[in-house]
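Close look at the chain arrangement
The primary structure of each chain is shown beneath.
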Amino acid sequence: MLNQVSVFAENTKGALHKLTAVLADANINIYTMLANDSAEFGIIRLVLTDPELAVRKLRDAGYQCHIDRVIAVEMADTPGSLDQILEHLREANVALDYLYISYDRQASTPVVIFKTREPEAETFLRGKGYKLVDQF
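This structure is a prediction, so every number in the text was calculated from the model and none was measured. (Residues numbered from 1 in each chain as written. Predicted model: local features only at pLDDT ≥ 70, side-chain atom pairs only at ≥ 80, totals over all residues. Heavy atoms only, no water.)

Quick look at the overall build of the protein chain
Convention followed: Numbered from the N terminus, helices here are DSSP runs of H or I no shorter than four residues, and strands are runs of E no shorter than two. In this treatment the radius of gyration is a C-alpha quantity, and the globule benchmark scales as 2.2 Å times the residue count to the 0.38 power. For the exposure calls, accessible area comes from a 1.4 Å probe over protein chains only, and a residue counts as buried if that area is under 20% of its type's maximum, exposed if over 50%, partly exposed in between. Areas reported as accessible are Shrake-Rupley estimates using a 1.4 Å probe. Residue values count occlusion only from the protein chains shown. Neither His nor the chain ends contribute to the count of charged residues, in which Lys and Arg are positive and Asp and Glu negative. Taken as the charge centre is NZ of Lys, CZ of Arg, CG of Asp or CD of Glu, depending on the residue.
Looking only at helices and strands, one finds four helices and six strands in the protein chain. Listing the helices and strands of the protein chain from first to last along the sequence gives β-α-β-β-α-β-α-β-β-α. At 16 Å, the protein chain has a C-alpha radius of gyration in line with the 14 Å of a compact globule built from 136 residues. Projected onto its principal axes, the C-alpha coordinates of the protein chain cover approximately 40 × 30 × 25 Å. In the protein chain, which comprises 136 residues, the proportion classed as buried is 42%. Counting every atom, the protein chain has about 7800 Å² of accessible surface; 48% of that belongs to carbon and sulfur. With 14 positive and 19 negative side-chain charges, the protein chain shows a separation of 4 Å between the mean positions of the two kinds.

Pasting the structure below:
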């Protein structure tokens, strides 16, 4: 599994810059970032070089954040690749809380990152022959 930092942040002008400035000052590299918004607040999900340090620095800066364990699966860069993964998860009755697509720069492959509360999902995917990414 992969560690992801989830940050609760205000949806205001310059809010993302303030957050990324904290990470830049701590010399933390962002591999993947997803920002979801609502009218006043949003959740920013980040895969970083040092999630534990990021949480400490972000909390020191006043952010509410925590580390989530997520599953990252390498995908083929072809139509239907994500659909096949999702079909296998459906067949196994695995419910997803959310997902997003990223890119593994070292392997040069797309990666689907998702959160689930199903503890067997990781083992199931490995058993189906999928390559899981534990770090970027």
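Re the packing of aromatic side chains
Put simply, the test is: In this analysis, rings of Phe, Tyr and Trp, with Trp reduced to its six-membered ring, are considered paired at centre separations within 6.5 Å, and the interplanar angle assigns stacked below 30 degrees, edge-to-face beyond 60, and tilted for intermediate values.
Taken as a whole and assessed by the stated rule, the structure comprises two aromatic pairs. For the pair Phe-8 and Phe-41, a centre-to-centre distance of 4.9 Å together with 10° between the ring planes defines the contact as stacked. A residue pair is termed long-range when its members are at least 10 positions apart, and Phe-8 in strand β1 (residues 2–10) and Phe-41 in strand β3 (residues 41–48) qualify at 33 residues. Ring centres of Tyr-31 and Phe-136 lie 6.0 Å apart, and the angle between their planes is 25°; on these two criteria the pair is classed as stacked. Of this pair, Tyr-31 sits in strand β2 (residues 30–37) while Phe-136 sits in the segment after α4 (121–127), and the two are 105 residues apart along the sequence. With relative accessibility at 25%, the residue Tyr-31 sits in the partly exposed group.

Some points on the nonpolar core
Generally speaking, soluble globular proteins have nonpolar side chains that are buried together. To keep it simple, the criterion reads: Throughout, nonpolar core names a set of buried Ala, Val, Leu, Ile, Met, Phe, Trp, Tyr and Cys residues whose side chains join them through atoms within 4.5 Å. Note on contacts: a residue pair qualifies if any of its non-hydrogen atoms lie within 4.5 Å across the two residues.
Grouped together as the largest cluster of nonpolar side chains are 17 residues, with contacts concentrated most on Val-5, Val-7, Leu-19, Leu-23 and Leu-58. Mapped onto this core, the elements with two or more residues apiece are β1, α1 (15–25), β3 and α2 (51–60). The greatest single-element share of this core, amounting to four residues, is contributed by α2. Dropping the residues within four chain positions of it, Leu-19 is found in contact with Val-7, Ile-44, Leu-46, Leu-58 and Tyr-63. Residues Met-75, Val-112, Leu-125 and Tyr-130 belong to the second largest nonpolar core, which totals 12 residues.

Topic: the side chain of Lys-115
Position of Lys-115 among the secondary structure elements: in strand β6 (residues 109–116). Residue contacts for Lys-115: discarding those within four places in its chain leaves Asp-68, Arg-69, Val-70, Leu-96, Asp-97 and Tyr-98.

A few points about the pairing of β6
Using the following cut-off: Strands pair, by our definition, only if DSSP identifies at least two bridges between them.
Within β6, eight of the eight residues are buried, which leaves the element mostly enclosed by the surrounding structure. Pairing geometry for strand β5 (residues 96–104) and β6, over eight bridges, is antiparallel. When the sheet's bridge partners are listed, Leu-96 is paired in β6 with Thr-116.

Comments concerning the environment of Thr-78
Among the secondary structure elements, Thr-78 is positioned in the loop between β4 (64–74) and α3 (81–91). Residue classification places Thr-78 among the partly exposed residues on the basis of a relative accessible area of 47%. Placed 32 residues apart in sequence, Thr-78 and Pro-110 show a C-alpha to C-alpha distance of 9.8 Å.

Limitation: the analysis is restricted to geometry and does not speak to function.
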